[in-house]
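Now for the letters of each chain:
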Amino acid sequence: MPHDDFPAGSVWLVGAGPGDPDLLTRKAARLIASGDIVFHDALVGPGVLDLIAPGAERVSVGKRSGRHSKDQGTIDALIVAAALRGQRVVRLKGGDPAIFGRTAEEVAACNAAGVGVRICPGITAASAAVASAGSSLTLRGIARRLTLVTAHAQAGQPIDLDWAALAAPDATLAIYMGRAAAATVAQQLTAAGRAADTPVLVVVNASLPDERIIRGRLSSLAFLVEAISASDPAVLIVGEAVAGAGVAAVGRTVLAAVA
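All residue numbers here refer to positions counted from 1 along the written sequence of the relevant chain. Given that the model is predicted, a residue must reach a pLDDT of at least 70 before its local features are reported, and side-chain atom pairs must reach 80 or more before they are shown or counted; all residues, however, enter totals for whole chains, interfaces and linings. Side-chain numbers here rest on the full set of heavy atoms in the structure, without hydrogens or water.

When helices and strands are counted, the protein shows 8 helices and 13 strands. The 259 residues of the protein split such that 46% are buried. Residue contacts are defined here by distance: any two heavy atoms, one from each residue, within 4.5 Å place the two residues in contact. Counted over contacts in the protein with a minimum sequence separation of 6, partners at least 24 positions apart contribute 71%. Looking at the protein as shown, the accessible area adds up to about 12000 Å², and 55% of this sits on carbon and sulfur atoms. A run of DSSP states H or I qualifies as a helix once it reaches four residues; a run of E qualifies as a strand once it reaches two. Both are numbered from the N-terminal end. Think of it in three bands: with a 1.4 Å probe and only protein chains considered, a residue is buried below 20% of the maximum accessible area for its type, exposed above 50%, and partly exposed in between. The Shrake-Rupley method, run with a 1.4 Å probe sphere, supplies the accessible areas, and residue values consider only the shown protein chains as cover.

Before going further, it helps to examine the pairing of strand E12 (residues 234-238). Most of E12 is tucked away, with 5 of its 5 residues classed as buried. Side chains Ala-234, Leu-236 and Val-238 of E12 all project onto a buried face; the interleaved residues Val-235 and Ile-237 project onto the opposite face, where all are buried too. Two strands form a pair only when DSSP identifies at least two bridges running between them. Taken together, the 4 bridges between strand E9 (residues 171-176) and E12 define a ladder with antiparallel strand orientation. From the neighbouring strand, Tyr-176 faces E12, where its bridge partner is Val-235.

We now examine the nonpolar core. By convention a nonpolar core is built from buried Ala, Val, Leu, Ile, Met, Phe, Trp, Tyr and Cys residues, the set being connected through side-chain atoms within 4.5 Å. In terms of nonpolar packing, the biggest core is built from 25 residues, with Ile-175, Val-185, Leu-189, Val-202 and Leu-221 touching the most fellow members. Of all elements in the fold, only helix H6 (163-166), E9, helix H7 (182-191), strand E10 (199-204), helix H8 (221-224) and E12 reach the threshold of two or more residues within this core. For this core, the element with the highest residue contribution is H7, accounting for 4 residues. Judged by nonpolar contacts, the second largest core, of 17 residues, contains Leu-31, Ile-32, Val-48 and Cys-120.

Spatially, the 5 strands line up as an open sheet ordered E3-E2-E6-E1-E7, and their pairing is parallel. Of all the strands in the sheet, the pair left with one neighbour each is strand E3 (57-60) and strand E7 (117-120). Between one strand and the next, the sheet's axes are offset by a mean angle of 20 degrees, whatever the strand orientation. Between the N-to-C directions of two axes lies an angle of 0 to 180 degrees, each axis being a line fitted to C-alpha atoms and, for a helix, fitted only over the stretch in contact. Where helix H1 (residues 26-34) meets the sheet, it contacts strand E1 (11-15), strand E2 (37-40), strand E6 (89-93) and E7, and its direction lies at approximately 130 degrees from that of E1.

Close contact between helix H3 (residues 72-84) and helix H4 (residues 103-112) brings their axes to 9 Å; oriented N to C, the two are set at 45 degrees. With respect to H4, the axis of H3 lies oblique. As for how H3 packs across H4, the hand of that crossing is right-handed. Listed contacts from H4 to Gln-72, Ile-75, Asp-76, Ile-79 and Val-80 of H3 are Glu-105, Glu-106, Ala-109 and Cys-110. A class-by-class count of the residues in the contact of H3 with H4 yields 5 nonpolar, 1 polar and 3 charged. For classification purposes, angles smaller than 35 degrees are called roughly parallel, those larger than 145 roughly antiparallel, those between 65 and 115 roughly perpendicular, and all remaining angles oblique. Handedness of each helix crossing follows the sense of rotation of the near helix against the far helix: counterclockwise by less than a right angle gives left-handed, clockwise gives right-handed. Three classes are used: nonpolar for Ala, Val, Leu, Ile, Met, Phe, Trp, Tyr, Cys and Pro, charged for Asp, Glu, Lys and Arg, and polar for all others, with Gly counted as polar.

Across residues other than glycine, the phi torsion is negative in most instances, and most of the peptide bonds are trans. Not every positive phi belongs to a glycine, and Met-177 is a case in point at roughly 50 degrees. Tracing the chain through its elements places Met-177 in the loop between E9 and H7. Even without being glycine, Ser-207 reaches a positive phi, approximately 80 degrees. You can see Ser-207 is positioned in the loop between E10 and strand E11 (212-217).

One speaks of a salt bridge when a side-chain nitrogen belonging to Lys or Arg is within 4 Å of a carboxyl oxygen belonging to Asp or Glu. Under the definition given, this model contains 8 salt bridges. The shortest N-O distance in the salt bridge between Arg-91 and Glu-106 comes to 3.2 Å. A residue pair is termed long-range when its members are at least 10 positions apart, and Arg-91 in strand E6 and Glu-106 in helix H4 qualify at 15 residues. Residue Arg-91 is classed as buried on the basis of its relative accessible area of 2%.

By the alternation rule, side chains of E2 split into Ile-37 and Phe-39 and Val-38 and His-40, which are all buried. Bridge count for E2 against E3 is 4 bridges, and the pairing is parallel. Counterpart to His-40 in the pairing with E3 is Ser-60. Relative to E6, E2 is paired through 4 bridges, and the arrangement is parallel. Each bridged residue has a counterpart across the sheet, and for Ile-37 the counterpart in E6 is Val-89.

What follows covers the side chain of Gln-72. Turning to its location among the elements, Gln-72 is positioned in helix H3. Residue Gln-72 is classed as buried on the basis of its relative accessible area of 8%. Polar contact criterion, stated in full: a pair of N or O atoms within 3.5 Å, where within protein one must be able to donate a hydrogen and the other to accept it, and residues adjacent in sequence count only if both atoms are side-chain atoms. A distance of 2.8 Å separates a polar atom in the side chain of Gln-72 from a polar atom in the side chain of Asp-76. Separated by 2.9 Å, the side chains of Gln-72 and Glu-106 make a polar contact.

Take a look at the structure:
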């Protein structure tokens, strides 16, 4: 039964986490099961989609590797229209809705239409990646800062980032959508002063059964991502906090160390 926080004609933007349904918050699981209609991203794990109520409508609005099934304006309009029909609307987003999730646009569209909208956070890919690897995003006295960036850029456009700031030796850098730009990232960071032997962690399909963990150095980042398919979501972590052997290979996790 829907709770008082999910009345008919309202919208929840729900973080689906990295894919493993066990990593959902209890609130996220409840909201997913309570929705009359669920608009979901392509990267939402199948185990999470299984929590949608049998009678609920599910609509894929996936965006993956530059292949967009629907543009953002269309997604906004679909969400608003469903709410105005009196449906309980779940907008299910991979990871955390507030991190590179286009949440601001969807909230603005709902507000403009007078539709109630709220946000349920989720575990972001960088957190899931280091957890699987037995590492950390920060390290006392060594990695005091954490910066999340996206390396995705419009076709033909350079990646517009403050490389000097990102190259600080006491920072951990988590790069989303960075597989295609790995060579540029490594080149720009080293040119800005980041040491070539800075530890790098690449995690593909974080938290899922086909997860892969690859370790190496910044100088080898372009090589590390060569075996990653363009359709596989990957997060790149750069910094001293991810140095070390991490956890042993257990169950579904495969560790590949590259010098």
